[in-house]
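Examination of the molecular architecture
Here is what each chain is made of, one letter per residue.
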Amino acid sequence: MPPRMRFLFSTMSVTLFLVAAVPLYREWSRRTDIWWTPHAMLVPLAESTDRVEIYARGQPLAALLQAGQLRIAEDGRTSGLMSSDIGLRFNNWDRVRAERLPALLVSAAGCAVAALMFFLVATGRLAYRGERGAVAA
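This part is about unusual backbone geometry. Residues other than glycine seldom take positive phi values, yet Arg-57 does so here, at roughly 55°. Looking at where Arg-57 falls in the secondary structure, it is placed in the loop between strand E2 (55–56) and strand E3 (59–60). A relative accessible area of 88% means that Arg-57 is categorised as exposed. Positive phi, normally seen in glycine, also occurs at Asp-75, with a value near 55°.

In structure tokens form, the structure reads like this:
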């Protein structure tokens, strides 16, 4: 393979590898603890029943709150907990990760193809055969 062609294919494969590797690096270096529901936006217990159920000694927390069986002690006095006193935060990392998985798989495949192309060019496995004249019969 002529040196100019080898340089062209090497440059193209390295460029394609970097373009495909940037999303992978960005995802691996991202913090995973940023996907929690913000503290200011706590989800009330009544609105969270589609995502979580909390049990205490085998009984649902909502039922215990309605029956007035939960109390909290602070500053030497006790008071009953109400449903409005409870707020939940959710970690949405599993949902975010599931949404990003297809794009990351495409980026990983792009990295693999670019690395294979670079390997073939660097080792001379891509044989360049110039045009041959027509074979006379």
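Once you've had a look at it, read on.
This next bit is on helix H3 (residues 93–122). For H3, with 30 residues, the first-to-last C-alpha span of 40 Å sits near the 44 Å given by 1.5 Å per residue. At Leu-101, H3 is deflected by roughly 40°, the largest bend along its length, and proline Pro-102 occurs up to four residues later in sequence. Those residues of H3 not exposed but buried are Trp-93, Val-96, Ser-107, Cys-111, Ala-114 and Val-121. Lining the buried residues of H3 we find helix H1 (3–29). Remark: Gly-124 follows H3 within two positions and exhibits a positive phi of approximately 75°.

Another point: the layout of surface pockets. Approximately 170 Å³ is the volume attributed to the largest pocket. Taken together, 13 residues make up the lining of the largest pocket; nearest its centre are Leu-45, Thr-49, Pro-60, Leu-61 and Ala-62. The element that contributes the greatest number of residues to the lining of the largest pocket is helix H2 (residues 61–67), accounting for 3 residues. Here the residues of the lining of the largest pocket are counted per class, giving 8 nonpolar, 4 polar and 1 charged.

We now examine the side chain of Ser-48. With respect to the helices and strands, Ser-48 occurs in the loop between strand E1 (43–44) and E2. Exposure remark for Ser-48: the relative accessible area of 1% places this residue in the buried category. Those residues in contact with Ser-48, other than ones at most four positions away along the chain, are Val-43, Leu-88 and Phe-90.

How each quantity is defined
- Residues numbered from 1 in each chain as written.
- Predicted model: local features only at pLDDT ≥ 70, side-chain atom pairs only at ≥ 80, totals over all residues.
- Heavy atoms only, no water.
- Helix = DSSP H or I, 4+ residues; strand = E, 2+ residues; numbered from the N terminus.
- Buried < 20%, exposed > 50% of the residue type's maximum accessible area, 1.4 Å probe, protein only.
- Expected span 1.5 Å × (residues − 1).
- Bend = angle between axes of the 7 residues up to and from the residue.
- Contact = heavy atoms within 4.5 Å.
- 1 Å grid on protein atoms, 1.4 Å probe; cavity = no way out; pocket = protein on both sides within 12 Å on 5 of 7 lines; lining within 4 Å.
- Points joined across faces, edges and corners; volume = space filled by probe spheres on them.
- Nonpolar A, V, L, I, M, F, W, Y, C, P; charged D, E, K, R; others polar.

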